[in-house]
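Coordinates in review
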Amino acid sequence: MALDDIVARIRAAEAKAGRPTGAVRLVAVSKVQPLDRIEAVLAAGHRLFGENKVQEAAGKWPALRDRFDGVELHLVGPLQTNKARQAMQLFDCIETVDRPKLARTLARLSDELGTCPRLMVQVNTGEEPQKAGVLPGDADALIAECRTLGLPVVGLMCLPPADEEPSLHFALLAKIAARNGLDELSMGMSADFERAIAQGATYVRVGSAVFGERVYG
Ligand SMILES: *Cc1c(COP(=O)(O)O)cnc(C)c1O
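Considerations on the pairing of strand E4 (residues 93–97)
With respect to burial, E4 is a largely interior element, five of its five residues being buried. Two elements, strand E3 (residues 72–75) and E4, share two bridges in a ladder whose sense is parallel. Bridging from a neighbouring strand, Leu-75 pairs with Ile-94 of E4. What joins E3 to E4 is helix H4 (residues 84–90), and the crossover it makes is right-handed. Summarising the sheet, E4 and strand E5 (residues 118–123) pair through three bridges and their orientation is parallel. Paired with Ile-94 across the strands is Leu-119, a residue of E5. Note on the crossover from E4 through helix H5 (residues 100–113) to E5: the handedness is right-handed.

Points about the site of the ligand
Neighbouring the ligand are Val-29, Lys-31, Val-76, Met-157, Leu-159, Met-189, Ser-190, Arg-205, Val-206, Gly-207, Ser-208 and Arg-214. Ser-190 places a side-chain nitrogen or oxygen 2.5 Å from an oxygen atom of the ligand. Contacts to the ligand include Arg-205, whose side-chain N or O atom sits 2.9 Å from a nitrogen atom. Relative to its free-state accessible area of 390 Å², the ligand is covered by the protein chains to the extent of 89%. Most atoms of the ligand, that is more than half of them, are within 2 Å of grid points of the largest pocket.

Things to note about the side chain of Arg-205
On the secondary structure map, Arg-205 appears in strand E8 (residues 203–206). Buried and unpaired, Arg-205 has Glu-95 as its nearest opposite-charge partner, separated by 4.2 Å. Polar side-chain contacts of Arg-205 include one of 3.0 Å to the backbone oxygen of Cys-158. Once residues within four sequence positions are removed from consideration, Arg-205 is found in contact with Val-27, Val-29, Val-76, Glu-95, Met-157, Cys-158, Leu-159, Ser-186, Met-187, Gly-188, Met-189 and Ser-190.

Scoring rules and cut-offs
Residues numbered from 1 in each chain as written. Predicted model: local features only at pLDDT ≥ 70, side-chain atom pairs only at ≥ 80, totals over all residues. Heavy atoms only, no water. Buried < 20%, exposed > 50% of the residue type's maximum accessible area, 1.4 Å probe, protein only. Helix = DSSP H or I, 4+ residues; strand = E, 2+ residues; numbered from the N terminus. Pairing = 2+ DSSP bridges. Right-handed = clockwise from strand over helix to strand, strands pointing away. Near = heavy atom within 4 Å. Polar contact = N/O pair within 3.5 Å; in protein donor to acceptor, adjacent residues only side chain to side chain. Areas by Shrake-Rupley, 256 points an atom, 1.4 Å probe, with all protein chains shown as cover. 1 Å grid on protein atoms, 1.4 Å probe; cavity = no way out; pocket = protein on both sides within 12 Å on 5 of 7 lines; lining within 4 Å. Sits in = over half its atoms within 2 Å of the grid points. Lys, Arg positive; Asp, Glu negative; His and termini not counted. Salt bridge = Lys/Arg side-chain N within 4 Å of Asp/Glu carboxyl O. Contact = heavy atoms within 4.5 Å.

Here you go:
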């Protein structure tokens, strides 16, 4: 299946970049995909998935977790504060922390719930007005604020502009992570994950190349 091809390409890109085998993990982004495609990828043994909407994830993953052990779920889409509690209970990692208000809400809820998923800060490397993510110039301050709040920030995530060379954005994200002592880099999708691995990605988020084209509606 396509999953095997993508995993093989990840291993090859790791080797080419002189990185250890397994340094990069595949987040299979299953948003909008029909259940049978998701089940096939689970049956093949894959366990790490990404969703971009809390509501959609809530509708399918609790039942899938009952049937398949060891599922790890990442939120890769924007998070509204009023959905933060549900997201914290559903996801193992929230990759899209992008503003102080959300950080403060997550901190308050983690006190209340006694636990918090791992977190990444999303950086809007292209400074696109319509896109989520903290601006690169504000990233250090947001990371520092998260740490002051005691939040478990492990890395950074970005979604480069569609019409620009992504490698420049990946390199910028890696630089911000390095100067803040953060190990994880979630970057690279179906069209550019090999370039992201060359720039140090530790997670690649691949949807259509694993599952097939998304069919909306
Ligand atoms: C949909 C999505 C992906 C996967 O995109 P593909 O091009 O299908 O690989 C990755 N990251 C985010 C944030 C997404 O919303």
